[in-house]
Amino acid sequence: MAKLNKDILFLIFEELQVDSKTLFSCLMVNKIWCETVTPILWRNPWCYEINYSNKNYLFMIIASYLSDDTKEFLTRQGIQLPSVSFQPLLFDYLSFCRSINVKTLNTITSIGSSLAYNQFLLQQEFYCLFMKKFPELKCLDMNLINHQIFYLPEAKTRLESLCELKCDTSIDPSYFYGLARICQYIQRLIIAVNIVPKSNSGIAKLIEVQKNLKYFEWTDDFDGDYFTDDPYKEIFLELEKKASFLNHLKLFFLYIDSFDYTIMQSLLPKLHNIKTLKTNEFYFIGFTADERSMLNTLVYNDLEILNIDYITIGETSIIIENSGGHLKEVSLKPYDFIYSQDNFSDESLIFIRKIYENCPLIEYLSLALMPSKNHFIEFEKLLQVCQNLKSLLLITSNFYMQRTDEEILENRKEILKILIKSAPTNLREIRFFNDFNISLEVLEEFFEKWRGRPALSILTSNFTYEGKDYKNLIDKYKNNGVIKNFKYVSYVYVEDMNYKI
């Protein structure tokens, strides 16, 4: 491994760029590894899970780039710069950088001074350095920004290449006006609403001038139960004009009583090229039972990821039927609707059929079903057709069926038999939601019959499996390589397909 070609090493390390711990350890192997890893680590040096206020090295390296005149000026202001004379740096680190994170930079500059004004001066000088030294700027996280960096020398050249912008609605519109003059090819725009929201015309203008917007994310993250101003209308009207360009849309709203969210209705049907659609709420957007026919206008031929927290499985079936057969993830939280949907049994049968008829590539699936003979037949068909399935969330309910405890346990045993018989070889993870408990003997039989397949990870929210006998049994099959992991966690994590076991 240590003697691999440098180009091959670079490709390997590129795949590890989100694993900073491994990359940092690679620095110490030899000179070639160090030379190969360093540019990758410094592409975005602000993203690692470390306490930047205790990491003087990053501050010292950046400060070493300051000119003597600048150092002298900052020192006269009472800012503490590294006093030791530096040896020449091994690398031109800033030439590898492609990103700025304002919050992290603010933390780093606090090492030089605790005074707000001094920190402002130091940040200004660092931004000037970045505009001179960075070959291009690809990512900017401008939350908590205090500087209009677009006025700095050489800023136009750097900002023209900006691909990703993270911001929040508390930032004054003038900042976005300044960016709108320069940054017109942003591909990823991520917006957090961290104060009681009001309209931000600057964000709307920034969206208006974009020519290649592919990814849009909006997250409500504020305390409040009313609006004095509509925070969505102006921005989402501009986003609607870019809808046909969007490939990825993620919307996470906080529900405010009496507020009209139906502006989203005009956006959703225009997402002709959407590949990822994620939202935490669907019903208050306005697709009520009386307006369900509008769902037929949501034709997403390229859709790959459908992740909606609260939506009926009937509504989901319509979206799936109008998709183009490319879906790889259908992640829902339909648990509430099991108890409020009168025709749940029929709808869940239709949902299972829509999956195996329209989603041959499905890898991650949330599946709600009734424990009935017809459901079991359709469930087995799904497993036989969907051979790419990797992770399965099973939500079963006896709410509409009168069953004895013995019958309920027998139905759960039947589900396990179907999994043993027909589960695709790619299946690596099963999530059992809420009250899916089985006897120790049935669990051991399931483990024994799973032997010879790839090791299985199981997530459950049932406390039964925390019992001593169950844990001993689970450990036995972990040691035998049948089970990779078996976790008891809150149902919140079980139903969240983004939660990793």
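Residues numbered from 1 in each chain as written. Predicted model: local features only at pLDDT ≥ 70, side-chain atom pairs only at ≥ 80, totals over all residues. Heavy atoms only, no water.

Where an unreviewed UniProt entry is consulted, the protein chain appears under the name F-box domain-containing protein, with the organism given as Rhizophagus irregularis.

J.: Explanation requested: the overall build of the protein chain in the structure shown.
T.: When helices and strands are tallied, the protein chain shows 20 helices and 14 strands. In terms of overall dimensions, the protein chain has a C-alpha envelope of 85 × 55 × 40 Å along the principal axes. Burial analysis of the protein chain (501 residues in total) assigns 51% to the buried set. Pairs at least 24 apart in sequence give 75% of the contacts found in the protein chain among residues at least 6 apart. Taken as a whole, the protein chain presents about 23,700 Å² of accessible surface, with 50% of it coming from carbon and sulfur. The centroid of the 54 positive side-chain charges in the protein chain is displaced by 8 Å from the centroid of its 64 negative side-chain charges. (Helix = DSSP H or I, 4+ residues; strand = E, 2+ residues; numbered from the N terminus. Buried < 20%, exposed > 50% of the residue type's maximum accessible area, 1.4 Å probe, protein only. Contact = heavy atoms within 4.5 Å. Areas by Shrake-Rupley, 256 points an atom, 1.4 Å probe, with all protein chains shown as cover. Lys, Arg positive; Asp, Glu negative; His and termini not counted. Charge placed at Lys NZ, Arg CZ, Asp CG, Glu CD.)

J.: Teacher, can you tell me more about the nonpolar core here?
T.: Note that soluble globular proteins tend to have their nonpolar side chains buried in a common cluster. Formed by 159 residues in total, the largest nonpolar core has its most connected members in F130, M142, F216, F236, L249, L419 and F447. With 8 residues, helix α7 (residues 116-133) is the single largest residue contributor to this core. Summarising the domain contributions, this core has at least three residues from each of domain 1 (1-43) and domain 2 (282-500). (Core = buried A, V, L, I, M, F, W, Y, C linked by side-chain atoms within 4.5 Å. Domains from an automatic or database assignment.)

J.: How should the packing of helix α18 (residues 440-450) against helix α19 (residues 468-479) be read in this particular structure?
T.: Two measures define how a pair of helices packs: the angle their axes make with one another and the distance between the axes. The N-to-C vectors of α18 and α19 enclose an angle of 5°; their axes lie 11 Å apart at closest approach. Overall, the two elements α18 and α19 adopt an arrangement that is roughly parallel. Facing L440, L443, E444, F447 and E448 of α18, the residues of α19 in contact are D469, Y470, L473, I474, K476 and Y477. (Axes fitted to C-alpha atoms, helices over the stretch in contact; angles between N-to-C directions. Parallel < 35°, antiparallel > 145°, perpendicular 65-115°, else oblique.)

J.: Got a minute to help me understand the confidence of the model for the protein chain in this structure?
T.: Any residue range with low pLDDT should be treated as having predicted coordinates unsuitable for detailed reading. Overall, the prediction assigns the protein chain a mean pLDDT of 88, with 92% of residues at 70 or greater. Of all secondary-structure elements in the protein chain, the lowest mean pLDDT belongs to helix α14 (residues 335-338), at 58, while strand β2 (residues 139-141) reaches the highest, 97. (pLDDT = per-residue confidence, 0-100.)

J.: What's the story with helix α16 (residues 373-385) in this structure? I'm lost.
T.: Each α-helix winds once per 3.6 residues, and so residues spaced three or four apart point in a common direction. The end-to-end C-alpha distance of α16 is 19 Å, a good match for the 18 Å that 13 residues give at a rise of 1.5 Å each. Within α16 the residues assigned to the buried category are H375, F376, E378, F379, E380, L382 and L383. Of the surrounding secondary structure, the elements contacted by the buried residues of α16 are α15 (344-358), β10 (364-369), β11 (391-396) and α17 (405-422). (Expected span 1.5 Å × (residues − 1).)

J.: When you look at a nonpolar patch on the surface in this model, what are you seeing that I'm missing?
T.: Residues I8, F10 and L11 make up a contiguous nonpolar surface patch of roughly 270 Å² in combined accessible area. Relative to the helices and strands, I8 is located in helix α1 (residues 6-15). Exposure remark for I8: the relative accessible area of 40% places this residue in the partly exposed category. (Patch = residues over 30% accessible without salt bridge, like charges linked within 9 Å, V, L, I, M, F, W, Y side chains within 5 Å. Salt bridge = Lys/Arg side-chain N within 4 Å of Asp/Glu carboxyl O.)

J.: What exactly am I supposed to notice about unusual backbone geometry here?
T.: Excluding glycine, residues mostly have negative phi values, and the peptide bonds linking residues are mostly trans. Although it is not a glycine, L144 adopts a positive phi angle of roughly 70°. Its place among the elements puts L144 in the loop between β2 and α8 (155-159). Phi is positive for E154, which is not a glycine, with a value near 70°. As for its position among the elements, E154 is in the loop between β2 and α8. By relative accessible area, which is 39% here, E154 ends up partly exposed.

J.: Please explain the packing of aromatic side chains as it appears in this structure.
T.: Aromatic ring pairs are described here by two measures, namely the spacing of the ring centres and the angle between the planes. Under the defined criterion, the tally for this structure stands at 26 aromatic pairs. Following the ring pairs from residue to residue traces out a cluster consisting of F446, F447, W450, Y465, Y470, Y477 and F486. A cation over an aromatic ring shows up here: R188 above the ring of Y215, its NZ or CZ 3.9 Å from the ring centre. (Phe/Tyr/Trp six-rings, centres within 6.5 Å; stacked < 30°, edge-to-face > 60°. Lys NZ or Arg CZ within 6 Å of the ring centre and 35° of its normal.)

J.: Honestly, the side chain of S422 in this entry has me stumped. Any pointers?
T.: Considering the arrangement of structural elements, one finds S422 in helix α17. One polar contact links S422 to E380, side chain to side chain, over a distance of 2.9 Å. Residues contacting S422, with those up to four places away along its chain left out, are E380, L383 and Q384. (Polar contact = N/O pair within 3.5 Å; in protein donor to acceptor, adjacent residues only side chain to side chain.)

J.: Mind showing me how you'd approach the environment of F433 here?
T.: Relative to the assigned elements, F433 resides in the loop between β12 (429-432) and α18. In this structure the C-alpha to C-alpha distance between F433 and V492, which are 59 residues apart in sequence, comes to 9.5 Å.

J.: Just to check I follow, could you spell out the environment of N146 for this structure?
T.: Among the secondary structure elements, N146 is positioned in the loop between β2 and α8. Owing to a relative accessible area of 46%, N146 belongs among the partly exposed residues under this scheme. Residues in contact with N146, not counting those within four places in the same chain, are F120, Q123 and Y175.

J.: I tried to follow the pairing of strand β9 (residues 329-332) on my own but got confused; where do I start?
T.: The side chains of a regular strand alternate, first on one face of the sheet and then on the other. Taking every second residue as pointing to the same face, both faces of β9 are buried, with E329 and S331 on one and V330 and L332 on the other. Pairing between strand β8 (residues 305-308) and β9: 4 bridges, direction parallel. Bridge assignment links I308 to a residue of β9, and that residue is L332. Where β9 and β10 come together, 2 bridges link them in parallel fashion. Residue pairing for β10: E329 is matched across the bridge by Y364. (Pairing = 2+ DSSP bridges.)

J.: Would you explain the pattern of salt bridges in this entry?
T.: When charged atoms on two side chains of opposite charge get close, those side chains can pair. Scanning the model with the defined rule gives 21 salt bridges in all. Between K476 and E444 there is a salt bridge, with the nearest N and O atoms lying 3.4 Å from each other. Taken as a pair, K476 in helix α19 and E444 in helix α18 lie far apart in primary sequence, 32 residues in all. Residue classification places E444 among the partly exposed residues on the basis of a relative accessible area of 31%. In the salt-bridge network here, residues are joined through shared partners; they are R98, E136 and K138.

J.: Before we go on, may I ask you to explain the environment of I319 in this structure?
T.: Tracing the sequence through the fold places I319 in helix α13 (residues 313-321). Here the alpha-carbon distance between I319 and E164, two residues 155 residues apart in the chain, equals 29 Å. The contact partners of I319, leaving out residues within four places of it in the chain, are F282, L298, Y300, L303, L306 and I311.

J.: Help me understand the side chain of T104, please; the structure alone is not making it clear to me.
T.: Structurally, T104 can be placed in helix α6 (residues 102-109). Look at T104 and you get buried, because its relative accessible area is 10%. Leave out the neighbours within four places in its chain, and T104 touches W46 and Y52.

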